[in-house]
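# Architecture and fold: a report
The lines below spell out each chain.
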Amino acid sequence: MPPLLAGLPADLWTVPYAGSRYPGSPAATARPGLALGANCQLYAYEVLRHFGRPLPPLRSAELWADRVATREVSGPAPLDLLLYSRDGTAYGAHVGVWVAEDSVLHLCREVGHPALWHPDDFAARPRYRQLVGVKRALPAP
């Protein structure tokens, strides 16, 4: 396990996947937190928040377009966000957190709970085969 994840609380390893619980959704707004589950974005943002890098509740396309709370970078570093999609577009892209060389922490329907995947694991699946890009959280103003 990457050393960075040694400090991740146990409850962030047991979050169930819930597609209806995304940033700004009625379900997540009415009952905040991850106890009832999360989608990939909500999960990734909570991981970043745990490490002191909170982000606004942006959906994938909004995250990709954002230049206030994040910036695009050419290669990942620990705690950067990676966006994956079927066709390279940001709308509806899957979001994971780079935690170490070749390790992405994410939450997806296929697994049902947080998982560590190598970038090749994403490339092997049609829905995640293209890396849209990498975003880095900026320090709060």
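Going by the structure above, here's the rest.
Residues numbered from 1 in each chain as written. Predicted model: local features only at pLDDT ≥ 70, side-chain atom pairs only at ≥ 80, totals over all residues. Heavy atoms only, no water.

### Considerations on the packing of aromatic side chains
Within this structure, the stated rule accounts for 4 aromatic pairs. Taking 4.1 Å as the distance between ring centres and 0° as the angle between the ring planes, the aromatic pair formed by Tyr84 and Phe122 counts as stacked. Taken together, the positions of Tyr84 in strand E2 (residues 81-85) and Phe122 in helix H4 (residues 119-123) put the pair 38 residues apart, joining distant regions of the chain. As far as the burial class goes, Tyr84 and Phe122 line up, both buried. Measuring from centroid to centroid gives 6.1 Å for Trp117 and Tyr128, while their planes differ by 65°, and the two rings are edge-to-face. Remark: Tyr128 occurs in the loop between H4 and strand E6 (130-137) and Trp117 occurs in strand E5 (residues 115-117); sequence separation between them is 11 residues. (Phe/Tyr/Trp six-rings, centres within 6.5 Å; stacked < 30°, edge-to-face > 60°. Helix = DSSP H or I, 4+ residues; strand = E, 2+ residues; numbered from the N terminus. Buried < 20%, exposed > 50% of the residue type's maximum accessible area, 1.4 Å probe, protein only.)

### As for the pattern of salt bridges
In this structure the tally under the stated criterion is 4 salt bridges. Across the pair Glu72 and Arg67 runs a salt bridge, and its minimum N-O distance is 4.0 Å. A relative accessible area of 44% means that Glu72 is categorised as partly exposed. Here Glu110 ties to Arg125 by a salt bridge, and the two come within 2.8 Å at their closest N and O atoms. Placement of Glu110 in the loop between strand E4 (103-106) and E5 and of Arg125 in the loop between H4 and E6 is noted, with a sequence separation of 15 residues between them. By relative accessible area, Arg125 is classed as partly exposed at 24%. (Salt bridge = Lys/Arg side-chain N within 4 Å of Asp/Glu carboxyl O.)

Interpretation in functional terms is not warranted from these geometric data alone.
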